[in-house]
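Okay, here's what each chain looks like letter by letter:
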Amino acid sequence: MTRIKFSAVWSMLLRISLVPLLLLSLQARAELTIEITRGNDQAVPVAVVPFAWNGAGVLPEDISGIVGNDLRLSGQFAPVSSEQFLGFPSKKEEVFFGDWRRLGANFLLIGRVNEQAGGQYVTEFELYDVISQKLVHSGKVPGTRNQLRAIAHKISDEVYKEITGVDGVFSTKIVYVVAKRFSVDRTDYKLVYADMDGRNQIAILNSKEPVLAPSWSPDGRKLAYVSFETGRPAIYIHELATGRRERISSFKGLNSAPKWSPDGKKLAMVLSKSGNPDIYVLDLETRQLSQVTRHFALDNEPDWMPDGKSLVFTSNRGGSAQLYEVELASGETKRLSFDGKFNARARVFPDGKKIAYIHKGEGATSYNVAVQELDSGRMRTLSSSPFEDAPDVSPNGRMLIYSAQGGDQGVLGIISADGRVSFRLPSSEGDVREPAWSPYIR
Amino acid sequence: MKFANVAKGVATGLVAVWLVGCASNTQTSGSGTERTLAGENNTQTAVSTPVVDPAVQAVLDSGKVTGSAEQVADLLNKNTVHFAFDSDKLNSSDIQALDVQAAYLTSPVGMGEKLVIEGHTDERGTRTYNLALGERRANAVKNYLVLKGVAASRIEVVSYGFEKPVNPAHTDAAWAENRRAVVIKEKG
């Protein structure tokens with residue numbers, strides 16, 4: 001079963017690894033480190049045994065460390081500490097299930113990496129159900145030394161999918177902005193591309209003027225974002241593989257908050273060329289621009305429903321910033337948020353049933369990530385630092401990334417969509433903000 | 001890229017050598033030229049200083065505002081107005097300064113100047129929301145100046161939201177400083 005599956009995985013790996021390999025020389029130091037801020041007592045205990053190494057020197061990447069970290073980051077798994085291990089099996093014959101059951105592990109992952117001629121490495125792994133003592137999943141993945149980290153993330157995706165039934169997001173990417181302020185007139189901005197765990201950072205744009213609001217194309221090949229590099233805000237489309245950029249919108253006034261449509265053919269954005277910020281949709285093929293909202297209030301921050309037929313946006317038309325949904329064909333608009341005086345920058349979950357946004361409660365002073373079920377209208381805040389911004393949803397809908405200001409410098413947070421587990425990705429290099437989570441890259 | 005830079009460097013060097021050559025030629029050709037140059041320099045060192053800044057005088061001459069030359073000079077230098085939280089309403093305390101700016105900009109002295117009005121916010125709320133709020137603040141200033149006779153075509157508005165705080169602290173005082181619109185004059 002797994003051989004066929006893994007040839008597909010392999011071809012996927014080949015494709016996703018092209019961009020990082022081409023730009024490897026530009027890679028920055030890894031400055032994001034993960035800190036657990038809240039744990040989950042209902043997480044599934046899993047033992048990830050260090051992979052055996054058959055090759056010269058030491059294993060080039062800590063495969064089991066990466067897999068364990070990924071599974072912990074999902075919030076749904078609790079890797080058992082390796083200090084408790086009674087042995088380090090790497091083959092079925094070496095596994096004594098009783099030992100693992102006594103440690104409380106429900107699942108056991110073992111594996112090995114074999115160095116081959118010509119710089120090739122073959123990674124094999126097996127996932128066992130400790131209770132039933134059965135093999136539930138296995139795989140064999142060839143790759144080069146530089147691909148071992150990506151292979152580890154792929155193993156995490158397989159383990160996650162096997163146990164939860166949901167696609168893992170450990171091979172996805174994030175982009176975010178790092179700002180280093182020297183004075184009111186001088187801040188250096190960097191748009192950074194990285195693995196979802198914050199590793200393998202590549203600065204894809206450096207600027208002396210603000211960069212913000214990145215949005216991924218649904219195929220994961222391009223970004224749209226706002227850059228002030230000409231001294232005025234404009235929207236750019238940036239092709240990741242080539243670095244080629246196109247200025248796509250530079251009207252008088254605001255050119256802000258671009259968001260790619262689910263079919264990749266359109267870009268929703270905010271323009272104030274008529275004197276006031278309204279929502280527009282640009283057809284990327286015909287370059288035709290259509291105005292979606294016409295209101296004297298401030299309309300802002302659009303995101304698409306998964307069917308592409310309506311947009312969620314922020315407007316202060318009711319006297320305070322609240323979320324609305326507008327159907328594109330009819331223009332029919334309804335209000336979605338009612339609780340508190342500030343609800344903004346919504347992102348729609350992949351199933352279209354929930355939205356994440358920034359919420360400030362009645363009388364509250366902090367701005368926090370909240371999730372609202374659209375059917376019931378039920379809303380709950382997930383996190384609690386003073387100034388949070390820019391929530392974005394992982395492509396499997398299980399995690400959110402956001403920025404948190406208020407300390408010495410901005411940091412990124414990752415939180416499970418149920419709010420049970422959260423992590424901080426602090427940076428030693430400046431103020432980190434404006435994260436955007438990539439789609440699955442296939 | 002690298003080659004282009006090297007080529008540019010070489011070219012600059014050559015031009016420099018040529019210029020040095022020219023300079024030494026003029027030096028040897030005669031001393032009369034030097035005397036004339038020295039004479040010109042002497043006349044330029046005598047510069048008269050006006051008692052009142054012409055911009056201030058233009059405002060006083062407009063008859064549109066009242067006050068002493070010192071008061072007008074202070075208000076003319078005040079190029080920043082501040083706002084309440086989540087508001088784009090001008091404070092009455094800032095109106096006088098804007099009246100002086102408008103009087104100057106519509107006077108013969110200030111007529112040729114173009115303006116950029118920057119809008120800024122504090123860090124509360126989302127970055128993209130604040131980008132729009134900052135534009136509203138800059139527009140509030142623009143609309144007031146237009147009302148006072150400054151042509152709208154002379155004014156450009158740009159919002160930075162909270163990308164460029166004057167004070168990066170997370171305190172009420174810092175936020176009050178950061179919620180601002182700044183009028184920048186550019187000679188036409």
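Worth saying up front: this structure is predicted, and the values here are computed from it rather than measured.

This next bit is on the packing of helix α5 (residues 92-105) of chain B against helix α6 (residues 127-147) of chain B. Helix-helix packing: each pair is described by the crossing angle between the helix axes and the interaxial distance. All names here are of chain B. Look at α5 against α6: their axes get within 9 Å of each other, and the N-to-C directions meet at 55 degrees. In terms of orientation, α5 and α6 fall into the oblique class. Crossing of α5 over α6 shows right-handed handedness. Mapping the contact onto sequence places Ile95, Leu98, Asp99, Gln101 and Ala102 in α5 and Val141, Tyr144 and Leu145 in α6. A breakdown of the residues in the contact of α5 with α6 according to their chemical character gives six nonpolar, one polar and one charged.

Residue and element names in this part refer to chain A. Read from one edge of the open sheet, four strands run β23-β24-β25-β26, paired in antiparallel fashion. Looking at the sheet topology across the chains shown, the edges are occupied by β23 (342-348) and β26 (379-381). Taken pair by pair, the neighbouring strands of this sheet meet at an average axis angle of 30 degrees, ignoring direction.

Our next topic: the domain arrangement of chain A. Residue and element names in this part refer to chain A. For chain A, the assigned domains are domain 1 (6-32 + 172-437) and domain 2 (41-164). In this structure, domain 1 and domain 2 have C-alpha centres spaced 34 Å apart. Every contact between the two is made by 21 residues of domain 1 and, on the other side, 25 residues of domain 2. Together domain 1 and domain 2 conceal approximately 1,900 Å² of surface at their shared face, both sides included; 66% is due to carbon and sulfur atoms. There are one salt bridge connecting domain 1 and domain 2. Among the salt bridges present, the one from arginine 149 reaches aspartate 197, with a minimum N-O distance of 3.0 Å. On inspection of domain 1 and its partner domain 2, the count reaches three residue pairs in polar contact (both at pLDDT 80 or more). With six residues, helix α1 (residues 2-16) is the largest single contributor of residues to the side of domain 1 that touches domain 2. When grouped by side-chain class, the residues that make up the side of domain 1 that touches domain 2 number twelve nonpolar, four polar and five charged.

Attention shifts here to the pattern of salt bridges. All names here are of chain A. Inspection of every chain in the model, using the stated rule, returns 34 salt bridges over all chains. Taking the shortest distance from any N to any O, the salt bridge between arginine 112 and glutamate 126 comes out at 2.6 Å. Of the two residues, arginine 112 sits in strand β5 (residues 107-115) while glutamate 126 sits in strand β6 (residues 120-129), which places them 14 residues apart along the sequence. Note on arginine 112: relative accessible area 12%, which makes it buried. A salt bridge links arginine 317 to aspartate 299; the shortest N-O distance between them is 2.8 Å.

We now examine the interface of chain B and chain A. Between chain B and chain A, the contact holds 29 residues from the first and 40 residues from the second. Across the chain B/chain A interface, buried area totals approximately 2,800 Å², and carbon plus sulfur atoms make up 55% of it. The largest share of the area that chain B buries against chain A comes from Arg127(B), Thr128(B) and Tyr129(B), three residues that together contribute 23% of it. Here chain B and chain A share four salt bridges between them. Here Arg127(B) makes a salt bridge to Glu434(A), at a shortest N to O gap of 3.6 Å. Between chain B and chain A we count 16 residue pairs in polar contact (both at pLDDT 80 or more) in total. Elements with a minimum of two residues in the side of chain B that touches chain A: α6 and β3 (155-161) of chain B. It is α6(B) that provides the largest number of residues to the side of chain B that touches chain A, a total of nine residues. The residue makeup of the side of chain B that touches chain A, split by class, is 13 nonpolar, seven polar and nine charged.

This brings us to the side chain of Thr293(A). Residues and elements named next belong to chain A. Structurally, threonine 293 is set in the loop between β18 (289-291) and β19 (299-304). Take threonine 293: its relative accessible area is 4%, and that puts it in the buried class. At a separation of 3.0 Å, a polar atom in the side chain of threonine 293 contacts the side chain of aspartate 278. A polar side-chain atom of threonine 293 sits 2.9 Å from a polar atom in the side chain of aspartate 299. Excluding its chain neighbours within four sequence positions, the residues that come into contact with threonine 293 are Asp278, Ile279, Asp299, Phe313 and Arg317.

Bringing α6(B) into the picture now. Residues and elements named next belong to chain B. For α6, spanning 21 residues, the distance from its first C-alpha to its last is 30 Å, which sits close to the expected 30 Å at 1.5 Å a residue. Taking burial as the measure, the 21 residues of α6 include 17 buried ones, the bulk of the element. In the stretch just after α6, glycine 149 is the one whose phi turns positive, near 100 degrees.

With that out of the way, let us pick up the sheet that holds strand β21 (residues 322-327) of chain A. Read from one edge to the other, the open sheet built from four strands follows the order β19-β20-β21-β22 (chain A), with strand pairing classed as antiparallel. Of all strands in the sheet, those with a lone pairing partner are β19 and β22 (333-335) of chain A, marking the two edges. Between one strand axis and the next, the sheet turns through 30 degrees on average, direction left out of account. Across the sheet, α6(B) lies against β19 and β20 (310-315) of chain A, angled at about 150 degrees from β19(A), the strand it touches most.

In this structure, the largest pocket encloses a volume near 610 Å³. Lining the largest pocket we find 31 residues, and of these Lys259(A), Val348(A), Val393(A), Trp437(A) and Pro439(A) sit closest to its centre.

All names here are of chain B. At a minimum axis separation of 8 Å, helix α4 (residues 69-77) and α5 run at an interaxial angle of 90 degrees. When the interaxial angle is binned, α4 and α5 end up roughly perpendicular. Mapping the contact onto sequence places Val72, Leu75 and Leu76 in α4 and Gln96, Ala97, Val100, Gln101 and Tyr104 in α5. Looking at side-chain class alone, the contact of α4 with α5 contains six nonpolar, two polar and no charged residues.

Excluding glycine, most residues fall at negative phi; most peptide bonds, likewise, are trans. A positive phi is found at Ala257(A), a non-glycine position, where the angle reads about 50 degrees. Position of Ala257(A) among the secondary structure elements: in strand β15 (residues 255-260). The backbone of Asp86(B) sits at a positive phi, close to 55 degrees, despite the residue not being glycine. For Asp86(B), the position within the fold is in the loop between β1 (80-82) and α5.

Once that is clear, we can look at the nonpolar core. Residue and element names in this part refer to chain A. One finds Leu267 and Leu400 to be the most contacted residues of the largest nonpolar core, which totals 52 residues. Among the elements that make up this core, the one with the highest residue count is strand β16 (residues 266-271) (five residues). If sequence neighbours within four positions are ignored, leucine 400 has contacts with Phe349, Ala356, Val369, Val371, Leu382, Asp392, Val393, Gly413, Ile414, Ile415 and Trp437. Listed in part, the 42 residues of the second largest apolar core include Phe107, Tyr121, Val169 and Phe170.

This next bit is on the packing of aromatic side chains. By convention here, two paired aromatic rings are described through the distance between centres and the angle between planes. Under the definition given, this model contains 14 aromatic pairs over all chains. Taking the centre distance of 5.6 Å and the plane angle of 90 degrees together, the rings of Phe387(A) and Trp175(B) count as edge-to-face. Pair noted here: Phe387(A) is in strand β27 (residues 387-393) and Trp175(B) is in helix α7 (residues 172-178), and the two residues belong to different chains. Grouped by ring-pair contacts, the aromatic residues Phe342(A), Tyr367(A), Phe387(A), Tyr129(B) and Trp175(B) constitute a single cluster. Directly above the ring of Phe85(B) sits Arg124(B), whose terminal nitrogen or CZ lies 4.3 Å from the centroid. Above the ring of Tyr160(B), the side-chain terminus of Lys164(B) is found at 4.4 Å from the ring centroid.

Rules used throughout
- Residues numbered from 1 in each chain as written.
- Chains lettered and ligands numbered in written order.
- Predicted model: local features only at pLDDT ≥ 70, side-chain atom pairs only at ≥ 80, totals over all residues.
- Heavy atoms only, no water.
- Axes fitted to C-alpha atoms, helices over the stretch in contact; angles between N-to-C directions.
- Helix = DSSP H or I, 4+ residues; strand = E, 2+ residues; numbered from the N terminus.
- Parallel < 35°, antiparallel > 145°, perpendicular 65-115°, else oblique.
- Left-handed = near helix turned anticlockwise from the far one by under 90°.
- Contact = heavy atoms within 4.5 Å.
- Nonpolar A, V, L, I, M, F, W, Y, C, P; charged D, E, K, R; others polar.
- Pairing = 2+ DSSP bridges.
- Domains from an automatic or database assignment.
- Buried area = accessible area lost by both parts, 1.4 Å probe.
- Salt bridge = Lys/Arg side-chain N within 4 Å of Asp/Glu carboxyl O.
- Polar contact = N/O pair within 3.5 Å; in protein donor to acceptor, adjacent residues only side chain to side chain.
- Buried < 20%, exposed > 50% of the residue type's maximum accessible area, 1.4 Å probe, protein only.
- Expected span 1.5 Å × (residues − 1).
- 1 Å grid on protein atoms, 1.4 Å probe; cavity = no way out; pocket = protein on both sides within 12 Å on 5 of 7 lines; lining within 4 Å.
- Points joined across faces, edges and corners; volume = space filled by probe spheres on them.
- Core = buried A, V, L, I, M, F, W, Y, C linked by side-chain atoms within 4.5 Å.
- Phe/Tyr/Trp six-rings, centres within 6.5 Å; stacked < 30°, edge-to-face > 60°.
- Lys NZ or Arg CZ within 6 Å of the ring centre and 35° of its normal.

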